[in-house]
Amino acid sequence: MSASTPVRKAPAGKAPAGKPPATKVSRRSPARRRRTANNTIAMAVSAVMVFPVYWMVATALKQRSDILSSVPRFIPWPISMENFTRALDKPGFWVFVRNSLTVTLSSVVLSLIISLFAAIAIARFRFAGRKAVLTVLVLVQMVPAAAMVIPVYLMLRSVGGLDFLPGLVLTYMTFVLPFTIWTLRGFVEGVPVELEEAALVDGCGRFQMYVRVLLPLLMPGIVATSIFAFVNAWDDYIFAYVIMKSQDNYTLPVWLVSFKTSESVDYGAMIAASTIFSIPVLIFFLLVQRRLVGGMTSGAVKG
């Protein structure tokens, strides 16, 4: 090529001939790496939390020799339903199921009704002693349940509430109500007052406004508090054991202890019974979890 030959420049945006085009560095790669790390951590934490549940179910499906073996077997094989059969054949099982469902559902429904009205009153109205009520709600939650066994027993004995299912319901409500009122109060304060005022201007009465506007917006809080109330009443053992004297009024947590005697412990049947005991909580959560998110915006839509 002579010195007078002009040099052709490559068009803008294109690499010169003979050189590969420069690759663009993806701006999303750091975000993808962070997302991958977060997913990995979440999966590890989930595995740690789920493993005890898996081990309980797997142990319930093992044979007695595999349960007592010094070498753990992570996969139950061959699968045996003998433990569930012994657990369900325990005398009084269905009576205990009926008692537990009666006490638990009664505690949940009554606690939600009372706490809903109390939360609306505390959040929307100003009255004498309002701060004192809020302080008491916080202080009551700090008292351990074990410290209240003797006072509750003496109070129920004085009014004839021992060995009586309604007495156990009232006992559970004393521990559930402070938490549910405090939680629902926060949800009520999070709802804009303008929505309620707009409903009143449109012709709704105060009760209709609560039902059509406020209640749907409070549904996530109601679901959260109902789950807490259900688990608190369903899992209690100490109050059910102390308050109830006759076997016909026992609940399922007391039934679980019956697999342990002074001579031996039937581990297989006890773990199978624990698996059965966990099923109602799972079913209740699956029934209400749809409302946890669905109620966040349904009340704000004017139909």
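Our structure's up above, just so we're on the same page.
Draft legend 1. View of the overall build of the protein. In terms of regular secondary structure, the protein is built from 13 helices and zero strands. When the helices and strands of the protein are placed in sequence order, the string is α-α-α-α-α-α-α-α-α-α-α-α-α. Of all 303 residues assigned to the protein, the portion counted as buried reaches 33%. Accessible surface computed for the protein: about 19,500 Å², of which carbon and sulfur atoms make up 68%.

Draft legend 2. Region of interest: the packing of aromatic side chains. Within the structure shown, the criterion is met by 14 aromatic pairs. Aromatic side chains F51 and F74 sit 6.5 Å apart centroid to centroid with 50° between the ring planes, which places their arrangement in the tilted category. In this pair, F51 is assigned in helix α1 (residues 29-60) and F74 in the loop between α2 (64-67) and α3 (82-88), connecting sequence segments 23 residues apart. Centroid distance F93 to W94: 4.8 Å. Interplanar angle 70°. Geometry classified as edge-to-face. With a relative accessible area of 64%, W94 lands in the exposed category. Aromatic rings pair up to connect F51, Y54, W55 and F74 into one cluster. Between the NZ or CZ atom of K90 and the centre of the ring of F259, over which it lies, the distance is 5.1 Å. Lying over the aromatic face of W182, R185 brings its terminal NZ or CZ to 4.9 Å of the ring centre.

Draft legend 3. Looking closely at the environment of F187. Along the chain, F187 turns up in helix α7 (residues 165-190). Classification of F187 as partly exposed rests on a relative accessible area of 33%. Contact partners of F187, with chain neighbours within four places excluded, come to L218, P220 and G221.

Draft legend 4. Representation of the packing of helix α5 (residues 130-142) against α7 within the structure. The N-to-C vectors of α5 and α7 enclose an angle of 130°; their axes lie 9 Å apart at closest approach. In terms of axis orientation, α5 runs oblique to α7. Crossing of α5 over α7 shows left-handed handedness. Residues R130, L134, L137, V138, V140 and Q141 of α5 pack against T174, P178, F179, I181, W182, R185 and E189 of α7. Each residue belonging to the contact of α5 with α7 can be placed in one class, and the counts come to eight nonpolar, two polar and three charged.

Draft legend 5. A look at helix α9 (residues 206-217). Relative to the 16 Å expected for twelve residues at 1.5 Å per residue, α9 spans 16 Å between its end C-alpha atoms, a close match to the ideal helical length. Those residues of α9 lying buried are M209, Y210, V213, L214, P216 and L217.

Procedures and definitions
Residues numbered from 1 in each chain as written. Predicted model: local features only at pLDDT ≥ 70, side-chain atom pairs only at ≥ 80, totals over all residues. Heavy atoms only, no water. Helix = DSSP H or I, 4+ residues; strand = E, 2+ residues; numbered from the N terminus. Buried < 20%, exposed > 50% of the residue type's maximum accessible area, 1.4 Å probe, protein only. Areas by Shrake-Rupley, 256 points an atom, 1.4 Å probe, with all protein chains shown as cover. Phe/Tyr/Trp six-rings, centres within 6.5 Å; stacked < 30°, edge-to-face > 60°. Lys NZ or Arg CZ within 6 Å of the ring centre and 35° of its normal. Contact = heavy atoms within 4.5 Å. Axes fitted to C-alpha atoms, helices over the stretch in contact; angles between N-to-C directions. Parallel < 35°, antiparallel > 145°, perpendicular 65-115°, else oblique. Left-handed = near helix turned anticlockwise from the far one by under 90°. Nonpolar A, V, L, I, M, F, W, Y, C, P; charged D, E, K, R; others polar. Expected span 1.5 Å × (residues − 1).

From the geometry alone we can't say anything about function, so treat these as descriptive.
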